[in-house]
Amino acid sequence: MSREPRHAEPLRPIDWTGEQPPELRRELVPQHVAIVMDGNGRWANRQGLTRVEGHRAGEASLLDVVAGAVQIGVQHLSVYAFSTENWSRSPDEVRFLMGFNREVLRRRRDQLDAWNVRIRWAGRRPRLWRSVISELEEAQARTAGNTGLTLTMCVNYGGRIELVDAVRALAADVTAGRIDPARITERSIAKHLYEPDQPDVDLFVRSSGEQRTSNFMLWQSAYAEMVFLNTLWPDFRRRHLWDAIEDYARRDRRFGGAVDAPSA
Ligand code: IPE
Ligand code: IPE
Ligand code: MG
């Protein structure tokens, strides 16, 4: 496999497919959508291809979904690209995914930049390839001034380890006498997450039919609406995201509250 990215495609307008998002009142559009991009391997194997061909095919899905998120007015999109558990895959697949993440960023950052997308990285440094970290940091720096959608690439991310990291930082503050343990609040923990300025997840989407979080955004999704779609990630397009958002818009978010309304 070549280490160089394939040639970048020409830049596209955000609505290059000609599709228009459903019209929804502003407050019904989720501010923060988290997506578990799942089903690449099954998509490939079903066609007699190897798993990595599924990952390759997922690149177009990601680009299309980002465009759809911008079109409908989502402000934060967090995508699960590589979990802290994914190291348990075969060395070949892990190697492929590392190189692939690096190349996708290199190939797509200009397009994302042109759409005014701000790229961020959430995840841990240990074990992650240095070249992937530099590509993530380069994309982050290059798009730091953008004011549109914030796209958080979750690479070597795990929700539990994120909380462990937050607890370690708080413990260090306690040891140094900077904080009194009795004054630790939910806010103190939230402040030590990888992306402390991000709002909570409103809508949590997973493709491929699996109905679990697989350790994604545990803290941030405490009150997220969950939408599970059977579509495998390589077949996933902006209209699937819009379908999930329409589903979300129909939900009654109560946050523990209740309204008494007997009907006859
Ligand atoms: C998601 O697709 C991509 C990553 C986890 C990196 P999978 O590779 O998990 O595909 P399935 O779930 O095995 O079909
Ligand atoms: C979650 O999918 C991780 C990513 C999509 C990056 P997995 O395919 O790794 O999760 P499990 O193994 O089905 O829980
Ligand atoms: Mg999977």
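Here the structure is a predicted model, which is why all the values come from computation and not from measurement. (Residues numbered from 1 in each chain as written. Chains lettered and ligands numbered in written order. Predicted model: local features only at pLDDT ≥ 70, side-chain atom pairs only at ≥ 80, totals over all residues. Heavy atoms only, no water.)

Describing the packing of helix H2 (residues 51-72) against helix H3 (residues 91-114)
Put simply, the rule reads: In this analysis, axes come from line fits to C-alpha atoms, helices being fitted only over the stretch in contact, and the angle between any two N-to-C directions falls in the range 0 to 180 degrees. Numbering goes from the N terminus for both helices and strands, where a helix is a DSSP run of H or I of at least four residues and a strand is a run of E of at least two. Here roughly perpendicular refers to angles of 65 to 115 degrees, roughly parallel to angles under 35, roughly antiparallel to angles over 145, and oblique to all remaining angles. What makes a crossing left-handed is the near helix being turned counterclockwise from the far one by less than a right angle; a clockwise turn instead makes it right-handed. The contact definition used throughout considers only heavy atoms, calling two residues in contact when any of these lie within 4.5 Å.
It is at 11 Å that the axes of H2 and H3 come closest, and there the two elements cross at 25°. Comparing the axis directions of H2 and H3 gives the class roughly parallel. Of the two elements, H2 crosses H3, and the hand of that crossing is right-handed. Contacts between H2 and H3 involve Arg51, Val52, His55, Arg56, Glu59, Leu63 and Val66 from the former and Glu93, Phe96, Leu97, Phe100, Val104, Arg107, Arg108, Gln111 and Leu112 from the latter.

Some details on the pairing of strand S4 (residues 150-157)
What counts, and what does not: Relative accessibility under 20% of the residue-type maximum defines a buried residue, over 50% an exposed one, and the middle range a partly exposed one, all with a 1.4 Å probe and only protein chains included. When DSSP locates at least two bridges between a pair of strands, those strands are taken to pair. We call a crossover right-handed when, viewed with the strands running away from us, the connection from the first strand over the helix to the second turns clockwise.
With eight of eight residues buried, S4 lies mostly within the body of the structure. As paired elements, strand S2 (residues 76-83) and S4 share seven bridges and run parallel to each other. The partner of His76 across the bridge, within S4, is Thr150. Sheet analysis places strand S3 (residues 118-122) next to S4, joined by five bridges and oriented parallel. In the sheet register, Ala122 faces S4, and the bridge partner there is Cys154. Read as a crossover between parallel neighbours, the route from S3 over helix H4 (residues 130-142) to S4 is left-handed.

Focus: the environment of Ser90
Relative to the elements of secondary structure, Ser90 occurs in the loop between S2 and H3. Along the primary structure Ser90 and Glu246 are separated by 156 residues, whereas in three dimensions their C-alpha atoms are 38 Å apart.

Considerations on the site of ligand 1
Inclusion rule: One heavy atom within 4 Å of a molecule or strand makes the whole residue count as near it. Any N or O atom pair separated by 3.5 Å or less is treated as a polar contact, with the protein-specific requirement of one donor-capable and one acceptor-capable atom, and with residues adjacent in sequence counted only for side-chain atom pairs. Shrake-Rupley sampling with a 1.4 Å probe provides the accessible areas, and residues are treated as covered by the protein chains on show and by no other component. Under the grouping applied here, Gly and all other residues not named as nonpolar or charged are polar, the nonpolar ones being Ala, Val, Leu, Ile, Met, Phe, Trp, Tyr, Cys and Pro and the charged ones Asp, Glu, Lys and Arg.
Taken together, 13 residues sit near ligand 1, with Asp38, Gly41, Arg42, Arg51 and Arg89 positioned nearest. Within the side chain of Arg51, one N or O atom sits 2.8 Å away from an oxygen atom of ligand 1. Starting from 380 Å² of accessible surface for ligand 1 in isolation, the protein chains cover 87%. Every element with two or more residues in the shell around ligand 1 is listed here: helix H1 (40-46), H2 and H3. Considering each element in turn, the shell around ligand 1 owes the most residues, three residues, to H1. The residue inventory of the shell around ligand 1, partitioned by class, reads three nonpolar, five polar and five charged.

By themselves these figures say nothing about function.
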